[in-house]
Each structure stands twice: as structure tokens, then as C-alpha cells.
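Breakdown of the fold
Listed below are the residues making up each chain.
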Amino acid sequence: MTSWLLDGLVVFMLLATAVSVLASRSLFRAVVMFIAFGMLMALAWVRLQAPDIALAEAAIGAGLTGVLLLDAVAHFRRGPDKERGGAS
Amino acid sequence: MSVHLLYAFAGAGVFTIGLFGMVFMVHLLRKLLAFNLMGSGTFLVLVGLAQHRNGVDPVPQALVLTGIVVAIAATALALVLIRRYFHLTGQVTLEPGSRDDEGHS
Amino acid sequence: MRLAAVLVLCAVFAMALVGTVWQIAGQPVGGTLPETVADAMADSGVDHPVTAVLLNFRSYDTLLEIGVLVIAAIAGISMARLPSLEDPELRTHDSLLHALQRWFLPLMWLVAGYLLWAGAVQPGGAFQAGAVLAGTGVLMRLGGMPMNFLQPRLLLRVGLALGFAVFLLVAVVSAAGGDAFLAYPEGMAKPLILLIEIFLTLSIAMVLLSLFVAAPVNDAREPAEGESE
């Protein structure tokens, strides 16, 4: 029973973060939600008894994708013609 | 109804959400995020459905592991292209004349 | 109006998808893949089923996958301008990061090495180790450590192609020896898999890292723009 509650919670959170990735107005917020989604995916893989995929998802989905996307968001904020400027 | 099947249905839901974003959103970065959601949903369906029928199955797990690494490489390449496009045109959508919704003043 | 149309379309699609999943889930079990894998494990040279599938039973997929990664890296690098990796503008001026780096970097290298080694008997392997190694590289880059090997010269090209080349070499040599393409010779499976995994790890880390490096620098300077700053 407890495990069903846990699985239900993980699935609900997966769907909720997936919706909020698209629904959040600010791009930064969307990316943060996407990182949270990646962490929840890692949790889901553990529940699916796939620890290999959970390891890869935690390292890639949460770590590398997050850095890449946040970097891109910062670039879009600065604008196309002043990325050498101070404001980051 | 097993746990694996529950996650397979969750994967179907995530895929649909991603599909909606892919079709409806205009901002290229949001399209990319939605595309990644679609990928994650596919992986969940693949592993969940196979394991619901066969028990713990290393073959779909290995396939999904390969898929995740290819997906991150594709995402990184897409980001390079989007940023280049933004640098050259000042736009973040493919629709002519519209500016991005992020409003960089 | 457009929103409603897309919503209806997605709802119809979702219902079809859920129905299909439900129907497939209800069918009697057809395949016996896990049993097949378990029966063949003794010949695979490793003790972890996922690693055995990745690098022995379905190594063709893995070979093509590293090929795809190399192509993505080449495309990303060709988009980029890499004026100077030591550009101080690109560094994070964060003293906390600098302080933590000295503690984290050796630890992360250790974790990557352990993951690679552990892949033979338990969860872990080339992909996870490569991802951790790439993360280490990103951390080094943000802290402004010298990483001259990422300049598009010989060293970068060799590093990118090494995993694919070694994999292909092993495949071709075993094929020339009379076996099937990508079949390891009798008794040599374990050392060959380990060799391939080491180079795969290096190449995967190089690919991901070079794509990360290519992304921010490409917009750095068009020749036409003023360089007054």
C-alpha cells in the first residue's frame, strides 16, 4: 500500500512538473522545472528497477542538461548584440 | 495492474504533454524542452510496458540508456543551433517578425 | 481557437495511445527476452546483464550510437568559433566555486573511474562514467582551468574519434579473424569489453564537453562587430 502511494506520488509529480515546464511564464522557471522533472525521472527509473538508467539520468538529465539550458537562458536574456556586456 | 504499467501510462501522459508543447509553443527553447519531454515519455512507455509483460528486462533498459545519451547530444546540438540562430537574427521563434516572449528589454 | 484545436488533437492522440498501451499490456506474454539474456550471460564476459546487452549482445547499437555522438560533436564544433578558451569573460567569478573545485575534481574523477570499473558486475558503465567525466569537465571550464585540448586541433579530433575507432577496430579485427562482425574471440570478451569501455568513456565525455564549450563561444565575435569592450 505504501509503495503504491509512493508510485502514485512520483507519477503525479512527473505529470505536474511536465505541465509546469510548458505552463510557466518565465523561461528560467521552465528550465528549473525541467531539471526537477529530470530528477523525478531518475526516481521513476529506480522504482522501475533500472538503476543503470537512474544513474545516467541523474548525471545527464539533472547535471549536464541543466547547465546547458541555464547557460542558453542567460544568453537569451542578454540579447543578441551585447553578450560581451556586464549584465548576466 | 502492476507498478510498471502505471509508469507506462505516466509515460503516455508525459508524451502527450510534450506533444502539445511541441505543436503549440512558439519559443524554440520551449519547443526543445517539450521535445525532451516527449523523449522521456517514450522511454517510460518502452521500459514500463516491456517490464509489465516480461519482468525486469535488461534489453529495453540498455536501449533506453543508449537513447538517453543520444538525446542529450541532440539537445546540446540543438542549443548550439538555436543560439547561433538567435545571434544572427535576434529571434527565438521561427515565425517571421515576432520577438521572443522573454522580453529582453 | 488554435489552443482549442491543438488541445482536442492532443486529447484524441492521448486516448489512442493509452488504449494501445492497455491493449498491449493485456495480451499474453509473447517474448522471452530476459530468459534468453540470462541463458547467454555465461558467454558474455561480464556479470551485469545491462552491460552485457550494451557491449556484447547488442553492441551494434552501441557502435552506431557513438557514431551519432561523434557526428553531433562535429556539427556543433563546426558551428562554433573558439577564439580563446582562456577568455576571462567566460569564467565565473565565484570564490566558492574555486574553493570547492579543489575538493570536488579529484572526487569526481574517482567516481567516474569507479563507475566504469563497476559496470562489469553491477549498475554502472561507460555511459554513466562518461556523463560524470563530462560534468567534471564543465566544472573545470566554469572555474577557468586551462583546457587547451578543447581547441579544435589534433588532440580534440583524436579524442572525439578514439572511442568509435577502437570499437570499430575490435569489430573489424574479430571479423578478419573469421568470426562474425563484432563477435569477440573466445575467452577475450572481458578484456576487450573493458578496453572498449575505457575509450568509450573518454569519447563520450569529450563529445558532451565539446558541445557544451561550443554553445556559448559561438556568438562571441563576428568580425564585423566592434570590439570596443
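Predicted model, so just to flag it, every value in this text is computed and none were measured.

Right, let's get into the interface of chain B and chain A. With 44 residues of chain B in contact, the opposing surface of chain A contributes 45 residues. Of the roughly 4,100 Å² buried at the junction of chain B and chain A (both faces included), carbon and sulfur atoms supply 77%. The three residues of chain B that bury the most area against chain A are Tyr7, Leu33 and Arg83 of chain B, which together make up 17% of that side's buried surface. Between arginine 83 of chain B and aspartate 71 of chain A there is a salt bridge, and its shortest N-O distance comes to 3.5 Å.

Moving on: a nonpolar patch on the surface. A cluster of nonpolar side chains, contributed by Leu96, Leu100, Trp103, Phe104, Leu107 and Leu110 of chain C, occupies part of the molecular surface with about 690 Å² of accessible area. Position of leucine 100 of chain C relative to the elements: it lies in helix H5 (residues 95-118).

In this section: the pattern of salt bridges. It is possible for side chains bearing opposite charge to pair when their charged atoms get close. All names here are of chain C. Taken as a whole, this structure holds three salt bridges over all chains when the rule is applied. In this structure, aspartate 61 and arginine 58 form a salt bridge, with 3.1 Å as the shortest nitrogen-oxygen distance. For arginine 58, a relative accessible area of 41% puts it in the partly exposed group.

With that settled, the discussion passes to the interface of chain B and chain C. In this complex, chain B contributes 37 residues to the contact, which on the side of chain C involves 46 residues. Broken down residue by residue, the surface that chain B buries against chain C is led by Arg53, Val80 and Arg84 of chain B, which jointly contribute 17%. Viewed at the interface, chain C and chain B are joined by zero salt bridges. The tally of links from chain B across to chain C stands at two residue pairs in polar contact (both at pLDDT 80 or more). For the side of chain B that touches chain C, the secondary-structure elements that each account for two or more residues are helix H1 (3-24), helix H2 (28-54) and helix H3 (58-89) of chain B. Of all the elements, H3 of chain B adds the most residues to the side of chain B that touches chain C, at 19 residues. Taken together, the residues that form the side of chain B that touches chain C break down as 27 nonpolar, six polar and four charged.

Turning our eyes to something else, we now look at the confidence of the model for chain A. Residue and element names in this part refer to chain A. In the predicted model, chain A carries a mean pLDDT of 85, and 89% of its residues have values of at least 70. Element-level mean pLDDT values for chain A span from 86 in helix H3 (residues 51-78) up to 93 in helix H2 (residues 27-47). Low pLDDT, under 50, characterises residues 82-88; the stretch is placed with 14 contacts to residues that sit more than four places away or in other chains.

The next subject is unusual backbone geometry. Glycine aside, the phi torsion of most residues is negative, and most peptide linkages are trans. All names here are of chain A. For glutamine 49, which is not glycine, the phi torsion reads 55° and is therefore positive. You can see glutamine 49 is positioned in the loop between H2 and H3. For glutamine 49, a relative accessible area of 43% translates into the label partly exposed.

With that settled, consider empty space enclosed by the protein. Empty space among the atoms can be located by rolling a probe the size of a water molecule over them. Counting across every chain of the model gives five cavities of 30 Å³ or more. Every residue lining the largest cavity is counted, 16 residues in all, and those nearest its centre are Phe34 and Glu57 of chain A together with Asn36, Ser40 and Ala71 of chain B. When residues of the lining of the largest cavity are traced back to their parent elements, those giving at least two are H2 and H3 of chain A together with H2 and H3 of chain B.

Reading guide: rules and limits
Residues numbered from 1 in each chain as written. Chains lettered and ligands numbered in written order. Predicted model: local features only at pLDDT ≥ 70, side-chain atom pairs only at ≥ 80, totals over all residues. Heavy atoms only, no water. Contact = heavy atoms within 4.5 Å. Buried area = accessible area lost by both parts, 1.4 Å probe. Salt bridge = Lys/Arg side-chain N within 4 Å of Asp/Glu carboxyl O. Patch = residues over 30% accessible without salt bridge, like charges linked within 9 Å, V, L, I, M, F, W, Y side chains within 5 Å. Areas by Shrake-Rupley, 256 points an atom, 1.4 Å probe, with all protein chains shown as cover. Helix = DSSP H or I, 4+ residues; strand = E, 2+ residues; numbered from the N terminus. Buried < 20%, exposed > 50% of the residue type's maximum accessible area, 1.4 Å probe, protein only. Polar contact = N/O pair within 3.5 Å; in protein donor to acceptor, adjacent residues only side chain to side chain. Nonpolar A, V, L, I, M, F, W, Y, C, P; charged D, E, K, R; others polar. pLDDT = per-residue confidence, 0-100. 1 Å grid on protein atoms, 1.4 Å probe; cavity = no way out; pocket = protein on both sides within 12 Å on 5 of 7 lines; lining within 4 Å. Points joined across faces, edges and corners; volume = space filled by probe spheres on them.

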